[in-house]
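Structural description and commentary
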Amino acid sequence: MARTRLLAGNWKMHKTRTETVEFAEKLAHLSSGMTTEKAKGYPELLVCATFTALPGLMEPLQKSNTGLGAQNMHEADHGAYTGEVSVAMIKELGCTYVILGHSERRMYFAESDAAVAKKTLVALDHQLTPIVCVGESLEERENGDTSKRIAAQVGAVLDVLKTRQDVVSERLVIAYEPIWAIGTGRTASKEDAEVVAKAIREQVKAELGDHVADAVRVLYGGSVKPENIADFLSEADIDGALVGGASLEAESFFRMAQNSAL
Ligand code: PEP
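Residues numbered from 1 in each chain as written. Predicted model: local features only at pLDDT ≥ 70, side-chain atom pairs only at ≥ 80, totals over all residues. Heavy atoms only, no water.

1. Some words on the nonpolar core
Ranked by size, the top nonpolar core spans 68 residues in total, and within it Met73, Ile90, Ile200 and Tyr220 carry the most contacts. In this structure Met73 touches Val85, Val87, Ile90, Val98, Leu100, Lys119, Val122, Ala123 and Leu128, once residues within four positions along its chain are discounted. Grouped together as the second largest cluster of nonpolar side chains are 12 residues, Ala8, Ile99, Val173 and Leu219 included. (Core = buried A, V, L, I, M, F, W, Y, C linked by side-chain atoms within 4.5 Å. Buried < 20%, exposed > 50% of the residue type's maximum accessible area, 1.4 Å probe, protein only. Contact = heavy atoms within 4.5 Å.)

2. Examining helix H1 (residues 17-31)
For H1, built from 15 residues, the straight-helix expectation of 21 Å at 1.5 Å per residue is met to within 8% by its first-to-last C-alpha distance of 21 Å. Listed in full, the buried residues belonging to H1 are Thr20, Phe23, Ala24, Leu27, Ala28 and Ser31. The arc that holds the buried residues of H1, viewed along the axis, is 135 degrees, so those residues lie on one side. In H1, those exposed residues whose orientation departs by more than 90 degrees from the buried face are Thr18 and His29. Next to the buried residues of H1 lie strand E2 (44-48), helix H3 (58-62), strand E3 (66-70) and helix H12 (250-259). (Helix = DSSP H or I, 4+ residues; strand = E, 2+ residues; numbered from the N terminus. Expected span 1.5 Å × (residues − 1). Arc of directions from axis to C-beta.)

3. Quick notes on the site of the ligand
In the region of the ligand, 14 residues are neighbours, and Lys12, Glu177, Gly183, Ser223 and Gly244 sit closest. In this structure, an oxygen atom belonging to the ligand sits 2.7 Å away from a side-chain N or O atom of Lys12. Between the ligand and the protein, one listed contact pairs an oxygen atom with a backbone N or O atom of Ser223 at 2.8 Å. In the complex, 96% of the free accessible area of the ligand, which totals 290 Å², lies under the protein chains. A breakdown of the residues in the shell around the ligand according to their chemical character gives 4 nonpolar, 8 polar and 2 charged. (Near = heavy atom within 4 Å. Polar contact = N/O pair within 3.5 Å; in protein donor to acceptor, adjacent residues only side chain to side chain. Areas by Shrake-Rupley, 256 points an atom, 1.4 Å probe, with all protein chains shown as cover. Nonpolar A, V, L, I, M, F, W, Y, C, P; charged D, E, K, R; others polar.)

4. Description of a nonpolar patch on the surface
A cluster of nonpolar residues, Met107, Tyr108 and Phe109, forms a patch on the protein surface that exposes about 390 Å² of accessible area. On the secondary structure map, Tyr108 appears in helix H5 (residues 103-108). (Patch = residues over 30% accessible without salt bridge, like charges linked within 9 Å, V, L, I, M, F, W, Y side chains within 5 Å. Salt bridge = Lys/Arg side-chain N within 4 Å of Asp/Glu carboxyl O.)

5. Observations concerning the packing of aromatic side chains
The relation between two aromatic rings is expressed through the spacing of the ring centres and the mutual angle of the planes. Under the defined criterion, the tally for this structure stands at 5 aromatic pairs. Taken together, the ring pairs connect Trp11, Phe23 and Phe253 into an aromatic cluster. A cation sits over an aromatic face here: Lys15 above Trp11, 5.3 Å from the ring centre. The ring of Phe109 carries the charged tip of Arg105 above its face, separated from the ring centre by 4.3 Å. (Phe/Tyr/Trp six-rings, centres within 6.5 Å; stacked < 30°, edge-to-face > 60°. Lys NZ or Arg CZ within 6 Å of the ring centre and 35° of its normal.)

6. With respect to the environment of Val85
Note that Val85 resides in the loop between E3 and helix H4 (87-92). Classification of Val85 as buried rests on a relative accessible area of 18%. Setting aside residues up to four positions removed in sequence, Val85 forms contacts with Phe51, Met73, His74 and Ile90.

7. Let's talk about the packing of H1 against H12
Where H1 meets H12, the axes come as close as 9 Å, and the angle between the chain directions of the two elements is 45 degrees. The pairing of H1 with H12 is recorded here as oblique in orientation. By crossing handedness, the relation of H1 to H12 is classed as right-handed. Contact with H1, carried on its side by Phe23, Lys26, Leu27, Leu30 and Ser31, involves Ala250, Glu251, Phe253 and Phe254 of H12 and no other residues of that element. Each residue belonging to the contact of H1 with H12 can be placed in one class, and the counts come to 6 nonpolar, 1 polar and 2 charged. (Axes fitted to C-alpha atoms, helices over the stretch in contact; angles between N-to-C directions. Parallel < 35°, antiparallel > 145°, perpendicular 65-115°, else oblique. Left-handed = near helix turned anticlockwise from the far one by under 90°.)

8. Here's the deal with helix H9 (residues 190-208)
For H9, built from 19 residues, the straight-helix expectation of 27 Å at 1.5 Å per residue is met to within 8% by its first-to-last C-alpha distance of 26 Å. For H9, every residue scored as buried is listed here: Ala193, Glu194, Val196, Ala197, Ile200, Arg201, Gln203 and Val204. Buried positions along H9 lie against strand E5 (129-134), helix H8 (146-162), strand E6 (173-176), helix H10 (210-215), strand E7 (217-221) and helix H11 (229-233). In the stretch just after H9, Gly209 is the one whose phi turns positive, near 95 degrees.

Pasting the structure below:
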């Protein structure tokens, strides 16, 4: 099955509302000369902004065919959860994606595999596309525990999805992001990233079947930039990239889109 490539920017806690609109206008300008024929080969584009920047950002992003996502959400529909935001709240602002279980949330906000799995189900249940992040620490990698760690993180999500045949698990996106590669300038080799991406797809196949495994998109994340994105995308099981630092400037984001076009 041909999977649509995805280039997703994770802006983390960067950019005011004004700055996000400036980005959107710049990106629209950069992509304005593109022919329809050329645009067909481009990956699906997405930026995930902070909650405060989401209102009013969907429209300016539409000028460059870029989608909008959030960086987190709570699993409950509503309730006494001070400081949290629900799925309906982000959907109302035009989000079609949500990043879940980013390593920074797991590390600094104690998000467990079980919590990430619950949120994934809620997102799918509400027709939102979850980008579930998984990845090993440097210590786990050096101890030879990479595959065990990834399998546990992915397994927690699949165990929950298995219980719900009615949700469209095909929409799931899994981002393999080795923690030691995030924001460090170091990347996994494309071969190592492919080994993990392939193992993730095999695990999805074993738990949810061929059809879901063929459809699920697996991204690589960790110091991706315009100069190296094409290398990762040349691998059979890598369907796109989740990018932090290099997604903050419209020029660099657009160059990554160009360099990942088919
Ligand atoms: C990320 O935040 O998900 C990420 C991969 O960051 P960076 O591209 O800066 O390493």
